[in-house]
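Residue strings, one per chain:
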Amino acid sequence: MKKLAVLLFVLVAACSSQPAAPPVDPQVAAWQQRADGITIIRDDWGVPHIYGKTDADAVFGLMYAQAEDDFNRVETNFLNSMGRLAEAEGEAEIWRDLRMKLFIDPEQLKATYQESPDWLKKLMDAWADGLNFYLHTHPEVKPRVLTRFEPWMALSFSEGSIGGDIERVSLRELEAFYGGQTAAQKVARVDAVDRSSIASGLEYPEEPTGSNGFAIAGANSASGKPLLWINPHTSFFFREEAQMVSEEGLNAYGALTWGQFFIYQGFNERAGWMHTSSGVDNIDEYLETITRNGDAITYRHGTENKAVTARRVVVPYKTATGTGQREFTVYRTHHGPIVRAIGDKWVAVRLMEEPMKALMQSYSRTKSHNLNEFRDIMQAHTNSSNNTLFADADGNIAYLHSNFVPKRNPKFDWSKPVDGSDPATDWQGVHTFDETPNVINPKGGWLQNTNNWPYSAAGAESPKEKDYPAYFDRAGENPRGVHAVQVLQGRKGFTLDTLRDAAFDSHQPEFATLVPTVVKAYDALPSANPLKAKLKAQIDLLRGWDDRWSAASTAQTLAVFWGEELWRRATPEAQKAGVSVYQFLRTRATPQQRLDALAAASDQLAADFGKWDTPWGDVNRFQRLTGDIVQKFDDNGPSTPVPFPSARWGSLASFGARPYPGTKKWYGTSGNSFVAAVEFGDRVRAKAVTAGGLNSQPSSKHFNDQSERYASGNLRDVYFYREDLNGHIEREYRPGR
């Protein structure tokens, strides 16, 4: 017995000496418990369909899925939105960060989070938890800066535009103001060099940005049901495609900007929304009259001298040896932050600063089921930089102009800085829905916007420019708008496929206008002029061209090279004359300028491709070699021919391409990105395609699996309902499992 007792004692002692299991972190346990109630289904294109009990569950799962596909872009978007990009990318981003920090104060956002309604707090909590759970379960992923996400951070990026209002503030002039005398001198030198480069034709014209949206009433469709065309023109790989479903009434599908938790351009089972960048003028600059009295700085407002608010801002930045920082004292008046100077006047910028209301509106509209609900949500008046094309299953279609438009005294020219000392220049609230150039259910049965003015949204039924202050639009008409009216007006029997065909119509109205001018200039040349022989074959080709793009077209290639060359040459003169480049090319470019540009374009094509008559598809290419945010291109690498060109010349399908260092071929980086056609009725039907693929890892089968479909406009079926996924499920799983 003694031996047995001793043995038992030894065994017990041995067991008690084993280290205790590490305690489970309560937060990790809570994350896992929530994750176990969420289902992610990846379809055969890699699209994540998120199912949860609550909206917050769907947000948690969505953020986890986004991080799986491209954590780098998620993090980068929030580094940018919080003014922390320099911490990852170095000193070159200091001024971009400073610009954000003029408007984004973390302490204020933390306070705003605490003031938010409980339902929004729950979504922000789930947003942060989903990202943090992903990082916890993927220790191999090394964030550049954001090792932990906090709920208030979601407020720093509350609407999904690729270029928000803040980006209209010039970084160069910001540097000149806050960087001291040396910086101001450097900026002046750089500006002079840039003007010289444009004049000498060294820069490619800036690519038109924005989007297309069409809405078709049931009277104009074959099925009698409304249709919506969703066609954002953004940087490639800027948005995820996903579906969010909860038992609280959420069921939204579409494109969302990396890092955000709401479907930005998309649809639910009853309604759809497509945002297009607006030409509204809703950002104003104020010339402040500054007085210094020792350390005190004041500005004039009416009969008062008001104190300029000063705040210390620190901008950390990455260095070769660690982290450095720049400190700034930044200034603000009641109009907004000071961003530059004109002579002895300081310039303050006023724009919408309502992060909580903007986030509420961005999310809530994804659950609106009809036009009345959508309109009610717009009463928040925080959709500032975008117009909206809308359709619902009740049969409504609508064009809704930017719904943040400050009321201003129309006697002032709001396209220029106004006198901040005059109280008459202060904003007088926001225009109501009914005061805005919207169009609802036009008799013609169609609506369009291509970032052009609202005054052609419904053809003859459009709002009239004379009825609205000039600040409702500064964009004017554009060639895509002209084209959209041509393909929609007076047409019946639209289907998802024929709506797609209209949106990929190959006509280019601007070339239809411009090409005859160079043919006319050629015909007027004396026979002895050297250009008569040099350009004969080129003119013969253009003379017989139908102004339509295709991958096989050599006329398309010649026209694009000629148009780009003429644009570069004409830009300085157009700026000097105070007219648009389009207007200058149509009416003021001389015959000699047109012919010289054609000769230069022919020579460039021969130098780059061995002959001037090169098929467009040999030049215009889609290529994705890495998951880097700044893409790399290589003429020796695999690429796909793309038949549609830049939107500059009126093509509705857009592909913004140019050559890059070391390449002769042109590679696209923006234009058609997520594209969808949607039909609303008892059941929603949709087709879509995403540029390249959904996953940023080259090893993934979904890195580039949609490139051929993208280039040909061959939209795939969307699996909206759970039963649609049957036979198309690649993986079904819980976050973290």
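Residues numbered from 1 in each chain as written. Predicted model: local features only at pLDDT ≥ 70, side-chain atom pairs only at ≥ 80, totals over all residues. Heavy atoms only, no water.

Colleague: Mind laying out the confidence of the model for the protein, listing which residues take part and the relevant values?
Modeller: Atomic detail in the predicted coordinates should be set aside for any region of low pLDDT. Residues of the protein with pLDDT of at least 70 account for 93%, and the chain-wide mean is 93. Long-range and interchain partners of residues 1-16, a stretch whose pLDDT sits below 50, account for zero contacts in this model, where long-range means more than four residues apart. Segment residues 189-202: pLDDT under 50, and twelve contacts once partners within four positions in sequence are set aside and those in other chains are kept. (pLDDT = per-residue confidence, 0-100. Contact = heavy atoms within 4.5 Å.)

Colleague: If you had to explain the side chain of His-335 to someone new, which residues and values would you point to?
Modeller: Positionally, His-335 belongs in the loop between strand S14 (323-333) and strand S15 (336-342). Overall, His-335 belongs to the buried group, its relative accessible area being 1%. Of note is the side chain of His-335, whose polar atom sits 2.8 Å from the side chain of Asp-426. Leaving out residues up to four positions away in the same chain, His-335 has contacts with Tyr-286, Glu-288, His-301, Ala-348, Val-349, Arg-350, Gly-420 and Asp-426. (Helix = DSSP H or I, 4+ residues; strand = E, 2+ residues; numbered from the N terminus. Buried < 20%, exposed > 50% of the residue type's maximum accessible area, 1.4 Å probe, protein only. Polar contact = N/O pair within 3.5 Å; in protein donor to acceptor, adjacent residues only side chain to side chain.)

Colleague: Explain the environment of Val-245 to me, using residue names and the numbers behind them.
Modeller: Within the secondary structure, Val-245 sits in strand S5 (residues 239-246). For Val-245, a relative accessible area of 15% gives the class buried. Considered as a pair, Val-245 and His-49 are 196 residues apart in the sequence and their alpha carbons are 7.6 Å apart. Those residues in contact with Val-245 that sit more than four places away from it in its chain are Ile-50, Tyr-51, Gly-52, Ala-58, Leu-250 and Asn-251.

Colleague: Before we move on, can you summarise the sheet that holds strand S16 (residues 345-350) with the specific residues and values?
Modeller: Taken together, six strands build an open sheet; the order of strands is S13-S14-S15-S16-S9-S19 and the sheet is mixed. Strands with a single pairing partner mark the edges of an open sheet, and in this sheet they are strand S13 (309-318) and strand S19 (418-419). Across five bridges, strand S9 (residues 284-288) lies against S16 in antiparallel orientation. Bridge pairing in S16 links Asp-284 to Arg-350. (Pairing = 2+ DSSP bridges.)

Colleague: Tell me about the sheet that holds strand S29 (residues 729-733), and please be specific about residues and values.
Modeller: With respect to topology, ten strands assemble into an open sheet ordered S20-S18-S17-S8-S7-S6-S5-S2-S1-S29, the strand pairing being mixed. Every interior strand has two partners, whereas the edge strands, strand S20 (439-440) and S29, have only one. Bridge count between strand S7 (residues 265-267) and strand S8 (residues 271-277): two bridges; the pairing is antiparallel. Within the sheet, the bridge partner assigned to Phe-267 lies in S8 and is Gly-272.

Colleague: A description of helix H3 (residues 55-81) should follow, citing residues and the corresponding values.
Modeller: Between its terminal C-alpha atoms H3 stretches only 24 Å, short of the 39 Å expected from 27 residues at 1.5 Å a residue. By the largest-angle criterion, Asp-70 marks the main kink of H3, which is about 110°. In terms of residue burial, H3 counts as a mostly covered element, since 24 of its 27 residues are buried. Phi turns positive, to about 70°, at Gly-83, one or two residues after H3. (Expected span 1.5 Å × (residues − 1). Bend = angle between axes of the 7 residues up to and from the residue.)

Colleague: How would you summarise the side chain of Asn-231 if you had to cite specific residues and measurements?
Modeller: Following the sequence through the fold, Asn-231 ends up in strand S4 (residues 227-235). Since its relative accessible area comes to 0%, Asn-231 is described here as buried. A polar atom in the side chain of Asn-231 sits 3.0 Å from the side chain of Asn-672. When residues no more than four places from it in sequence are discounted, the contact partners of Asn-231 are Ser-211, Asn-212, Met-274, Leu-652, Asn-672, Phe-674 and Val-675.

Colleague: Just give me the short version of the pattern of salt bridges, but keep the residues and values in it.
Modeller: This model, assessed by the stated rule, comprises 42 salt bridges. Between Asp-70 and Arg-73 there is a salt bridge, with its nearest N and O atoms 2.7 Å apart. One end of the pair is Asp-70 and the other is Arg-73, both in helix H3 and three residues apart, which spans about a single turn. With relative accessibility at 3%, the residue Asp-70 sits in the buried group. The partner of Glu-353 in a salt bridge is Arg-332, with the nearest N and O atoms 3.2 Å apart. Within this pair, whereas Glu-353 is found in the loop between S16 and helix H10 (355-364), its partner Arg-332 is found in strand S14, the two being separated by 21 residues in sequence. Residue classification places Glu-353 among the partly exposed residues on the basis of a relative accessible area of 34%. By relative accessible area, which is 27% here, Arg-332 ends up partly exposed. Beyond isolated ion pairs, a larger network of salt bridges with shared partners links Arg-42, Glu-68, Asp-69 and Arg-731. (Salt bridge = Lys/Arg side-chain N within 4 Å of Asp/Glu carboxyl O.)

Colleague: Before we move on, can you summarise helix H5 (residues 94-103) with the specific residues and values?
Modeller: Across the ten residues of H5, nine count as buried, placing the element largely inside the fold. Every buried residue of H5 is accounted for by Ile-94, Trp-95, Asp-97, Leu-98, Arg-99, Met-100, Lys-101, Leu-102 and Phe-103.

Colleague: Residue-level account of the pairing of S4, with values.
Modeller: With eight of its nine residues buried, S4 lies for the most part within the structure. The sheet contact formed by S4 and strand S26 (residues 674-679) spans four bridges and is antiparallel. Looking at S26, one finds that Ile-230 is bridged to Ala-676.

Colleague: Hey, could you go over the packing of helix H14 (residues 509-523) against helix H17 (residues 554-577) for me, with residue numbers and the actual values?
Modeller: If you want to describe how two helices pack, look at the angle between their axes and the distance between the axes. Put simply, H14 and H17 touch, their axes get as near as 11 Å, and they point 80° apart. One finds that H14 runs roughly perpendicular with respect to H17. Residue-level contacts link Phe-511, Leu-514, Val-515, Thr-517 and Val-518 of H14 to Ala-559, Val-560 and Trp-562 of H17. (Axes fitted to C-alpha atoms, helices over the stretch in contact; angles between N-to-C directions. Parallel < 35°, antiparallel > 145°, perpendicular 65-115°, else oblique.)

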